[in-house]
Amino acid sequence: MSNDVHLGHKARKRFGQNFLNDPYIIDGIVSSINPRPGQNLVEIGPGLGAITEPVGKLVDKLTVIELDRDLAERLRNHPQLSEKLTIHEGDAMRFDFTQLVKPDNKLRIFGNLPYNISTPLMFHLFEFHKDIEDMHFMLQKEVVNRLAAGPGTKAYGRLTVMAQYYCKVMPVLEVPPTAFIPPPKVDSAVVRLMPYEVLPHPAKDLKWLDRVCRDGFNQRRKTIRNCYRSLISTEVMEQLDINPSMRPENLTLKQFVDMANWLADNH
């Protein structure tokens, strides 16, 4: 039996499928999620159910979103899970998560996210931050490093600033390629994202926050003064307690928001 035929399902490159099959790692992920009966749990991309099955044992019901028709069908006929599952067949990137919200029961979202969609999917999920209790994702380790990065590091970028704008970010667990079939060429890691009840540095207009992040990280080698020359004068930067001779990657989340808020008030 070849390596990528797993329980009768062939991993498909187009979906970026790598199936988790290390019981020790699976156990670690399920413990970090810590699912309880009655919670509003949603799994994105359950695949062959490596996480779905152990989570399913611990809860009474579970919602899953699966793009691959064959895998959705497999779950529909799963002997232990089918009774507990609500299956949405389709693309999580286009999914309106508000339809899953219940009174006083925020979403707990988890999944093993394929590399090619992980960043846009997280941006999509941040739009629903008010309805989300927490998110646990398996990602490429390099993406987890970006989510958790601090200013002045190479990994620090637009994804970092937006993730930390909405969420507290906690790396949970590292996962080697050997935990998957077929083994990916990169290391993976699990991260916990916990949306803030009250945003620590709210932006008056997210369009401006997006703009200052894009402008800054698209021109990382420039000084802050040169990067934002067309938008903000050096005097205003100094009023905002921003050193114009540093680089954009040295700006903190608060400083990005302060610039965005000044622009929202003055444009």
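So, here's what we can say about the structure. (Residues numbered from 1 in each chain as written. Predicted model: local features only at pLDDT ≥ 70, side-chain atom pairs only at ≥ 80, totals over all residues. Heavy atoms only, no water.)

1. Quick word on the packing of aromatic side chains
Going by this rule: Two aromatic rings, drawn from Phe, Tyr or Trp (for Trp, its six-membered ring), form a pair once their centres lie within 6.5 Å of each other, and the interplanar angle then sorts them: stacked below 30 degrees, edge-to-face above 60, tilted otherwise. Where helices and strands are cited, they refer to DSSP runs of H or I of at least four residues and of E of at least two residues respectively, numbered from the N terminus. The buried label applies to any residue whose accessible area, calculated with a 1.4 Å probe on protein chains only, is under 20% of its type's maximum; exposed applies above 50%, and partly exposed to all values in between. Note on geometry: a ring has a charge over it if NZ (lysine) or CZ (arginine) is within 6 Å of the ring centre and within 35 degrees of the ring normal.
Going through the model one piece at a time under the given rule, you end up with seven aromatic pairs. Taken together, a centroid distance of 5.4 Å and an interplanar angle of 25° make the contact between Phe126 and Tyr166 stacked. In this pair, Phe126 is assigned in helix α4 (residues 115-126) and Tyr166 in helix α6 (residues 158-166), connecting sequence segments 40 residues apart. Note on accessibility: Phe126 and Tyr166 belong to one class, buried. Members of the aromatic cluster, each reached through a chain of ring pairs, are Phe123, Phe126, Tyr165 and Tyr166. Taking NZ or CZ as reference, Arg158 lies 4.4 Å from the ring centre of Phe123, over its face.

2. As for the nonpolar core
In globular proteins that are soluble, nonpolar side chains generally tend to be buried together. Note the threshold: By nonpolar core we mean a set of buried residues, namely Ala, Val, Leu, Ile, Met, Phe, Trp, Tyr and Cys, connected to one another through side-chain atoms within 4.5 Å. Whether two residues are in contact is decided by their heavy atoms: any pair within 4.5 Å suffices.
With 59 residues, the main nonpolar core has Phe97, Ile109, Phe137, Leu209, Tyr228 and Phe256 as its most contacted residues. Other than its neighbours up to four places away in sequence, Tyr228 contacts Val212, Asp215, Gly216, Met237, Pro248, Leu251, Phe256 and Met259. Residues Leu20, Ile51, Leu75 and Val190 belong to the second largest nonpolar core, which totals 21 residues.

3. A few points about the layout of surface pockets
Rules: In this analysis the probe radius is 1.4 Å and the grid spacing 1 Å, with only protein atoms considered; a cavity is a set of points the probe fits into but cannot get out of, a pocket is an open set with protein on both sides within 12 Å along at least five of seven lines, and lining residues have an atom within 4 Å of a point. Grid points are joined across faces, edges and corners, and a volume is the space filled by probe spheres set on the points. When residue character is reported, Ala, Val, Leu, Ile, Met, Phe, Trp, Tyr, Cys and Pro are called nonpolar, Asp, Glu, Lys and Arg charged, and the others, Gly included, polar.
In this model, the second largest pocket occupies a volume close to 160 Å³. Pro120, Phe123, His124, Phe126, Glu127, Met162, Tyr166, Leu206 and Asp210 together form the lining of the second largest pocket. Looking at the lining of the second largest pocket, the elements with two or more residues in it are α4, α6 and α7 (206-218). A total of four residues in the lining of the second largest pocket trace back to one element, the largest contributor, which is α4. Considered class by class, the residues forming the lining of the second largest pocket number six nonpolar, one polar and two charged.

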